[in-house]
Amino acid sequence: MKLSLASLALLAASASAFTAVTPAGRVSTSLNILAGTQSATERVANVMAARPEENEAIDALVKKNFPGAISNKAMETKIASILEAKGFTPANTLLCTSLCCDELARNLEDDLNKVYGHNFNLGGLSGFPFAGNTGFGAMSAHVPDDGFCLLVHGPHVGISKDGVIGKVERSGIALVDNCCGSAIAASNYLKGITDGGAKITTKLQQFSDFQQGAVQELILPHGKRLNDADNRMKELPYALYDSQDILVRDIINGGKGGIKQGLALLSGIQINTGPDTLDYFHPLRFDYYDADGNVVESMIDELSS
C-alpha cells in the first residue's frame with residue numbers, strides 16, 4: 001500500500017502527539033512546605049503581630065455563648081508550641097484542612113498557611129470532608145518522608161457584634177449576613193421535614209448541588225436535637241460537628257497506613273466575628289496519632305490550660 005506525502009506527514013504529527021513533553025517553566029509539583037530556619041512558634045508570632053488586640057466586649061460575648069472557645073490568636077500560638085515539642089516543623093509538616101468553602105473559614109487556614117505552607121484541602125460545604133478516602137490517601141502521599149500531618153477540620157458559625165448567632169458582619173457588605181449559609185439552609189430543610197411542611201421533590205440529589213444535598217442528608221439524624229434546642233443556631237454547628245467527627249476519624253482509620261511519622265487532628269467549631277475583631281475556635285478534639293495510626297495522646301487539655 002502506498003502512502004502519500006500528506007498521509008505520512010499526518011502520521012508523523014499523530015505520533016508526536018504521544019511523545020512526552022516537559023512543560024516549560026514547571027520544575028516541581030511539590031506542595032509549598034516551608035523551609036528555612038524559623039520555627040513554627042516564631043512564624044506564628046510574626047503572623048499574630050499583624051492581628052488586632054483582643055476586644056474585651058467581643059471576647060466576653062463569644063465565651064458566654066460558646067464556653068470553651070479561645071481566640072485564634074491564642075490557639076495558634078499554643079498549637080505551634082505543642083506540636084513543636086513533638087517534632088512538627090514548617091519544613092516537615094503538611095497542613096491538611098476540611099473547612100467550609102466560605103471565605104470567612106479561610107481566616108484560620110490562611111494563618112496556618114503562613115506557618116506550615118500550602119494546605120491540602122479535603123473540605124467542602126459546611127466543612128464536610130468531601131474529598132473522602134481518596135483525598136486523604138493522596139494527601140498522605142504528599143507528607144514529607146519521616147514527616148507529619150496537621151489536620152484541622154470543623155464547621156463554622158458567625159456571631160454578630162450584637163450577639164446574634166448565625167449572623168456576622170462581612171467586610172464591604174452593609175447587610176449582616178448568614179454564617180454558615182450552607183448549614184442554615186440544611187437546617188431549614190430539616191425543619192421543613194420535622195415540622196411536616198416539606199415539599200415532595202424528585203431532585204433531592206443533583207450534580208450541580210450535590211454537596212448541599214449531602215449536607216442536608218448528613219444532618220437528618222439531628223432533627224429532634226435541633227428542634228429541642230433553646231437556640232437552634234447555637235446548637236447547629238455542634239450537630240454538624242458530631243457528624244463530621246465520625247466521618248473524619250473513619251477516613252483517618254481507613255487510610256492510617258499512609259501516616260508517616262505522625263498526625264495531629266485538631267477539630268472543633270470555628271466562630272467568625274466581624275472584620276475588625278479576632279475569630280475564635282472551640283476545640284473539641286486535639287489527638288495525636290502515631291506512625292501506626294493509633295491515637296496515643298489527647299492534647300486537648302493543653303489548649304485550654
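Structure shown above.
Predicted model only: the values in this text are computed from it and were never measured.

**Some points on the packing of aromatic side chains**
Moving on, step 1. Applying the stated criterion across every chain, the model contains five aromatic pairs.
Moving on, step 2. A cation over an aromatic ring shows up here: Lys86 above the ring of Tyr288, its NZ or CZ 5.1 Å from the ring centre.

**Overview of the environment of Tyr116**
Moving on, step 1. Within the secondary structure, Tyr116 is located in helix α5 (residues 106–116).
Moving on, step 2. For Tyr116, a relative accessible area of 1% corresponds to the buried category.
Moving on, step 3. Put simply, Tyr116 and Ala80 are 36 residues apart on the chain and 9.8 Å apart in space, counted from C-alpha to C-alpha.

**Quick word on the packing of helix α2 (residues 40–48) against α5**
In a packed pair of helices, the relevant descriptors are the angle between the two axes and the axis-to-axis distance.
Moving on, step 1. Between α2 and α5, the least distance of the axes is 8 Å, while the angle of their chain directions is 135°. With respect to each other, α2 and α5 are oriented oblique. Relative to α5, the crossing made by α2 is right-handed. Taking contact as the criterion, the partners of Ala40, Arg43, Val44, Val47 and Met48 in α2 are, on α5, Asp111, Lys114, Val115 and Tyr116.
Moving on, step 2. Looking at the contact of α2 with α5 residue by residue, the class counts come to six nonpolar, no polar and three charged.

**Observations regarding the pairing of strand β8 (residues 262–272)**
Moving on, step 1. When you tally the buried positions in β8, you get 11 out of 11 residues, the bulk of the element.
Moving on, step 2. With six bridges connecting them, strand β4 (residues 148–153) and β8 associate as parallel partners. Bridge pairing in β8 places Cys149 opposite Leu263.
Moving on, step 3. Here strand β5 (residues 156–158) runs beside β8; their pairing, made up of three bridges, is parallel. Bridging from a neighbouring strand, Gly158 pairs with Asn272 of β8.
Moving on, step 4. In this structure, β8 lies alongside strand β9 (residues 280–289), joined through nine bridges in antiparallel fashion.

**Brief notes about the pattern of salt bridges**
Moving on, step 1. Using the criterion set out here, one finds 16 salt bridges in the structure.
Moving on, step 2. Between Asp111 and Arg51 there is a salt bridge, with the nearest N and O atoms lying 2.3 Å from each other. Of this pair, Asp111 sits in helix α5 while Arg51 sits in the loop between α2 and α3 (56–65); the two residues are 60 residues apart in sequence, bridging distant segments of the chain.
Moving on, step 3. One salt bridge in this structure joins Asp245 and Arg249, with 3.1 Å as the shortest N-O distance. Here the residue Asp245 and the residue Arg249 both occupy positions in helix α10 (residues 232–254), the gap between them amounting to four residues, near one helical turn.
Moving on, step 4. According to the relative accessible area criterion, Arg249 is partly exposed, its value standing at 33%.

**Some remarks on the packing of α2 against helix α4 (residues 72–84)**
Moving on, step 1. At a minimum axis distance of 8 Å, the contact between α2 and α4 shows a crossing angle of 170°. If you check the angle between α2 and α4, you find them roughly antiparallel. Only Lys73, Glu76, Thr77, Ala80, Ser81 and Glu84 of α4 make contact with α2, whose side of the interface consists of Ala40, Thr41, Val44 and Met48.
Moving on, step 2. A breakdown of the residues in the contact of α2 with α4 according to their chemical character gives four nonpolar, three polar and three charged.

**Some points on unusual backbone geometry**
Moving on, step 1. Cis rather than trans, the peptide bond between Cys179 and Cys180 has omega equal to 15°.
Moving on, step 2. Looking at the secondary structure, you find Cys180 in the loop between β7 (173–178) and α7 (181–194).
Moving on, step 3. In this structure, Ser126 takes a positive phi of about 65° despite not being glycine.
Moving on, step 4. Residues other than glycine seldom take positive phi values, yet Asp146 does so here, at roughly 60°.
Moving on, step 5. With respect to the helices and strands, the residue Asp146 is situated in the loop between α6 (132–142) and β4.
Moving on, step 6. According to the relative accessible area criterion, Asp146 is exposed, its value standing at 61%.

**Observations concerning the side chain of Asp111**
Moving on, step 1. Judged by its relative accessible area of 5%, Asp111 falls in the buried class.
Moving on, step 2. In contact with Asp111, not counting residues within four places along its chain, are Val47, Met48, Arg51 and Glu76.

**Some remarks on the pairing of strand β10 (residues 295–298)**
A regular strand places its side chains so that they alternate between the two faces of the sheet.
Moving on, step 1. With three bridges connecting them, β9 and β10 associate as antiparallel partners. Each residue of the ladder has a partner; that of Tyr288, found in β10, is Glu297.
Moving on, step 2. Connecting β9 to the next strand, β10, in antiparallel fashion are five residues, including Gly293 with a positive phi near 80°.

Calculation notes
- Residues numbered from 1 in each chain as written.
- Predicted model: local features only at pLDDT ≥ 70, side-chain atom pairs only at ≥ 80, totals over all residues.
- Heavy atoms only, no water.
- Phe/Tyr/Trp six-rings, centres within 6.5 Å; stacked < 30°, edge-to-face > 60°.
- Lys NZ or Arg CZ within 6 Å of the ring centre and 35° of its normal.
- Helix = DSSP H or I, 4+ residues; strand = E, 2+ residues; numbered from the N terminus.
- Buried < 20%, exposed > 50% of the residue type's maximum accessible area, 1.4 Å probe, protein only.
- Axes fitted to C-alpha atoms, helices over the stretch in contact; angles between N-to-C directions.
- Parallel < 35°, antiparallel > 145°, perpendicular 65-115°, else oblique.
- Left-handed = near helix turned anticlockwise from the far one by under 90°.
- Contact = heavy atoms within 4.5 Å.
- Nonpolar A, V, L, I, M, F, W, Y, C, P; charged D, E, K, R; others polar.
- Pairing = 2+ DSSP bridges.
- Salt bridge = Lys/Arg side-chain N within 4 Å of Asp/Glu carboxyl O.

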